[in-house]
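Close look at the chain arrangement
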Amino acid sequence: MREYLLYVKIGREPIQAYVTPCFRVDQNFWQEQEGSQLYVIGRTPSLAMAFSLRERLHQYLQERQARHDDVNEQAVARMRQIALTGVRESNALYGDTFSDDQGKSSSEWFEWREGIAEQEDGSSLLSTRGEVELVKEVLAGRALLWEEMERLLQTHGIAVPDLPQLLQRLVLSGDAQWLPGVRLQVRKSWLRHSLELECMRCGSGKEKIELTTCHTCGQGCAYCTECLGMGRSKCCTPFLCVPAKRAPSSHTGHTGRLAWSGRYSRDQEVAADRARQFVLNHWGRNVEFLIWAVCGAGKTELLFPSVVAALEQGERVLIATPRKDVVLELAPRIQRVFPEARVIAVHGSSKEKWEECEIAIATTHQVMRFYQRFFLVVLDEVDAFPYHQNPVLYRAVARAVKTGGRLLYLSATPPRYLQKRLVAKKKSLLGRSSYALYSSSHVLLPGRYHGHALPVPQICTVSGLDKLLAAGRVITPLHDMLKASLDAGRQVFVFVPRIEEVPRMLGYLQVMLPDYREGMAGVHASDPAREEKVMAFREKAVKLMVTTTILERGVTIPGSDVAVVGAQAPVFDEASLVQIAGRVGRSPDDPKGTVLFVQSYRAAAPQAAVRQITQMNQLAKQLRDRREMA
């Protein structure tokens, strides 16, 4: 069982408390640096407890404004008593909060011992500087639990006999930081004290954290349920964060070579260049930029100059997107246009997640494993589930940007808070407010790349919609729209609000449209054949696809129409419906199409979606008219 030692350093710098798994390494390091004196406070198998006590000592030293000459044996004894009191308080609070069938008393949850255990031999570490640099290079830009870190090193064929000692050397030199997977702290108040818990990986609070008796550390422990799918973040599990400090390499020119033969429209060229200038402007105050471009405006292509600008500086690029489907579609597209760069797809089942690259395409959840790694982070579809309104993923994306880096948002329907923060407004002579086309923190592209207007949805209200569907009755507007589309050789998305409605709607449509029965399918997020069905739809083997919102964005099917059945459901908010409507008319060969919203009562979201689409069409028309008059 590993123990963590808490000590106080008295040297040239202000008095500080430190936690170490190998005290001999710290002794050697501080002797080399400044000949400091180290006073041992105590040791514990609980990493979270060690860090909790370190914070207590920092607070004590700060309140006293302790100086070097204030520290004597009496002061050290006082700090040891503070630590012991902290352990006792934590034991009592943990016992009040958690009980199990082992019958432990309140004094047994966290062990605490004074003095030093067996002396570690740190001498071998001092002669392996090359090994230290190799490990630092492999871990650079990562935020990993201990087991993940070991797996990554094994993937690179690196075996380090004394890994804790090596990593502690990195921590002391400022090249890494390690924390407990779950932080534990006693929060004091005049009414009652409480135990405060926080996951250091995802930032979740105690409502997402379960207390337990741990078989690893033999202590009171806790683990995070929010990010459990990515490995168990626990009080006793070290969480290592290593920032990337890689300098531009000497062979950066060819990795940024763009092999794209397409051409921008006039508006696209302006938008792409403004984003590129944002990436190149190292002295600008803005570190965030929004490309607000309507569905079908060619948002992915607008990124190309910005990616080139980053790669030419020898920097890494991350494109984060909420959906695995989009990762799988986007990775080969980016690889084709950047043939000299290493592009990897990072998702839950990806085999590439531990590999090195110049460009990473990742789901937003997987971004939690990165730490200050990428100079340019592009967040695609910032308004989409699961990223939207998820503080866990906000934290992960922000943490992936290296110091001095850039965060570029890409969306057709940016959330209100982002519009308020980044999008400038202008006023007309009549005092009306409207969005500016560009500013130092955004660019707005209201028209599609082929110049045609966005298809405006038709809204149909059908009273008793659910009962009519359950009874197998024909919904005339829906039937006529689907039949007309299929008769014309078009493909159709049929969106429903819930997973359980996918098979019901599929069965209903197979009865209503028997001539097209064999060309219909249904898909949802937990469908084991999801990827195969979507591929069949892309290849036109499936003509009509009943789906949930998993296909509302990131999927382009030329010559397609859309019907939303149950458009009043809360899952179909304004942004979702705008995205769904944006599936239609994306190809210059087929810029028109039909979008039908079927609702059981008059709802606000469909009306708002129609207003937004109409507003963007009007703004795009004004721009075209202005250019023609110029």
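Provided above is the structure to which this section pertains.
Here's what I pulled together on the structure shown here. Predicted, not measured: the structure shown is a model, and the values here were computed from it.

Considerations on the overall build of the chain
- Of the regular secondary structure elements, the chain holds 20 helices and 26 strands.
- Along the first, second and third principal axes, the C-alpha set of the chain runs to 90 × 60 × 55 Å.
- Within the chain, the proportion of its 630 residues that are buried is 56%.
- Of all intrachain contacts in the chain linking residues separated by at least 6 positions in sequence, the fraction that spans at least 24 positions is 72%.
- A total of about 28,300 Å² of accessible surface is found on the chain, and carbon and sulfur atoms cover 49% of it.
- Charge separation in the chain, taken as the distance between the mean sites of 81 positive and 69 negative side-chain charges, equals 6 Å.

Topic: unusual backbone geometry
- The backbone of Glu 381 sits at a positive phi, close to 55°, despite the residue not being glycine.
- Mapped onto the elements of the fold, Glu 381 is located in the loop between strand E15 (374-380) and helix H13 (391-400).
- Despite not being glycine, Lys 540 has its phi angle at roughly 70°, a positive value.
- Take Lys 540: it is sitting in the loop between helix H18 (530-538) and strand E24 (544-547).
- Taking the relative accessible area as the measure of exposure, Lys 540 reaches 40% and is therefore partly exposed.

Considering the sheet that holds strand E11 (residues 288-293)
- Across the sheet, eight strands lie side by side as E13-E14-E12-E15-E16-E11-E20-E19; this open sheet has mixed pairing. The open sheet has two edge strands with one neighbour each: strand E13 (343-346) and strand E19 (438-439).
- Pairing geometry for strand E12 (residues 317-321) and strand E14 (residues 359-363), over five bridges, is parallel. Bridge assignment links Leu 318 to a residue of E14, and that residue is Ala 360.
- Packing against the sheet, helix H11 (residues 304-311) makes contact with E12, E14, E15 and strand E16 (401-411), and its axis sits at approximately 160° to E15.

Concerning the nonpolar core
- Counting residues in each nonpolar core, the largest one holds 175 residues, and the members touching the most others are Leu 139, Leu 167, Ile 291, Phe 338 and Ile 359.
- If one sorts the elements of this core by residue count, helix H2 (residues 47-64) sits on top with nine residues.
- Listed in part, the 26 residues of the second largest apolar core include Leu 478, Met 505, Val 546 and Val 565.

Structural notes on the packing of aromatic side chains
- Counted according to the given criterion, the structure contains 16 aromatic pairs.
- Summarising the aromatic geometry, the rings of Tyr 18 and Trp 30 are spaced 5.4 Å apart at their centres and angled 55° between planes, so their arrangement reads as tilted. Of this pair, Tyr 18 sits in strand E2 (residues 16-20) while Trp 30 sits in helix H1 (residues 23-33), and the two are twelve residues apart along the sequence. Grouping residues by exposure puts Tyr 18 and Trp 30 together as buried.

Things to note about the environment of Gln 277
- Within the secondary structure, Gln 277 sits in helix H9 (residues 266-280).
- Note on Gln 277: relative accessible area 40%, which makes it partly exposed.
- In this structure, the C-alpha to C-alpha distance between Gln 277 and Val 494, residues 217 residues apart in sequence, is 41 Å.

Points about H9
- The terminal C-alpha atoms of H9 lie 21 Å apart, and with 15 residues this matches the ideal 21 Å at 1.5 Å per residue to within 8%.
- Considered for burial, the residues of H9 that qualify are Gln 268, Ala 271, Ala 272, Ala 275, Phe 278 and Val 279. Each buried residue of H9 sits inside an arc of 115° when the element is viewed along its axis, so together they form one side.
- The inward-facing, buried residues of H9 abut E11, helix H10 (299-302), H11, E15, E16 and strand E20 (442-445).

A closer look at the side chain of Arg 369
- Tracing the sequence through the fold places Arg 369 in the loop between E14 and E15.
- Within the local environment of Arg 369, its side chain forms a polar contact with the side chain of Gln 366, the two groups lying 2.6 Å apart.
- Once you skip the residues sitting within four places of it in the chain, Arg 369 turns out to touch Gly 141, Arg 142, Ala 143, Leu 144, Glu 148, Met 230, Lys 353 and Trp 354.

Let's talk about the pattern of salt bridges
- Counted under the stated rule, the structure contains 34 salt bridges.
- Close ionic contact of Glu 315 with Lys 402 constitutes a salt bridge, the shortest N to O distance being 3.2 Å. With Glu 315 in the loop between H11 and E12 and Lys 402 in strand E16, this residue pair connects regions lying 87 residues apart in the sequence. Pair check on accessibility: Glu 315 and Lys 402 agree, each one buried.
- Two residues, Glu 574 and Arg 416, come together in a salt bridge whose shortest N-O distance is 3.3 Å.

Looking at the sheet that holds strand E4 (residues 142-145)
- Reading across from one edge, E4-E10-E5 is the order of the three strands in this open sheet, with antiparallel pairing throughout. At either margin of the open sheet sits one strand with a lone partner, and together these are E4 and strand E5 (177-180). Recorded for the sheet is a direction-independent mean angle of 20° between the axes of neighbouring strands.
- Where E5 meets strand E10 (residues 238-242), four bridges bridge the pair, whose relative direction is antiparallel. When the bridges of E10 are listed, Gln 177 appears paired with Cys 241.
- Where helix H6 (residues 146-155) meets the sheet, its contacts fall on E4, E5 and E10, and the angle it forms with E4 comes to roughly 115°.

A look at the side chain of Asp 175
- Relative to the helices and strands, Asp 175 resides in the loop between helix H7 (163-172) and E5.
- At 3.0 Å, the side chain of Asp 175 and the side chain of Ser 173 are in polar contact.
- When neighbours within four sequence positions are excluded, Asp 175 is seen to be in contact with Lys 136, Leu 170, Val 242, Pro 243 and Lys 245.

A closer look at H13
- Residues of H13 that are buried include every one of Val 392, Leu 393, Ala 396, Val 397, Arg 399 and Ala 400, and no others. Taken down its axis, H13 places every buried residue within 165° of arc, on the same side.
- Against the buried residues of H13 lie E4, E10, E12, E15 and E16.
- Its side-chain oxygen 3.0 Å from the backbone nitrogen of Val 392, Asn 390 forms the N-cap of H13.

Here's the deal with the packing of H1 against H7
- Contact geometry of H1 with H7 gives a least axis separation of 10 Å together with a crossing angle of 35°. Pair H1 / H7 crosses with right-handed handedness. Residue-level inspection shows Val 25, Asp 26, Phe 29, Trp 30 and Glu 32 of H1 in contact with H7, the latter providing Gln 165, Gln 168, Arg 169 and Leu 172.
- Its residues assigned to classes, the contact of H1 with H7 comprises four nonpolar, two polar and three charged.

The rules behind each value
Residues numbered from 1 in each chain as written. Predicted model: local features only at pLDDT ≥ 70, side-chain atom pairs only at ≥ 80, totals over all residues. Heavy atoms only, no water. Helix = DSSP H or I, 4+ residues; strand = E, 2+ residues; numbered from the N terminus. Buried < 20%, exposed > 50% of the residue type's maximum accessible area, 1.4 Å probe, protein only. Contact = heavy atoms within 4.5 Å. Areas by Shrake-Rupley, 256 points an atom, 1.4 Å probe, with all protein chains shown as cover. Lys, Arg positive; Asp, Glu negative; His and termini not counted. Charge placed at Lys NZ, Arg CZ, Asp CG, Glu CD. Pairing = 2+ DSSP bridges. Axes fitted to C-alpha atoms, helices over the stretch in contact; angles between N-to-C directions. Core = buried A, V, L, I, M, F, W, Y, C linked by side-chain atoms within 4.5 Å. Phe/Tyr/Trp six-rings, centres within 6.5 Å; stacked < 30°, edge-to-face > 60°. Expected span 1.5 Å × (residues − 1). Arc of directions from axis to C-beta. Polar contact = N/O pair within 3.5 Å; in protein donor to acceptor, adjacent residues only side chain to side chain. Salt bridge = Lys/Arg side-chain N within 4 Å of Asp/Glu carboxyl O. Left-handed = near helix turned anticlockwise from the far one by under 90°. Nonpolar A, V, L, I, M, F, W, Y, C, P; charged D, E, K, R; others polar.

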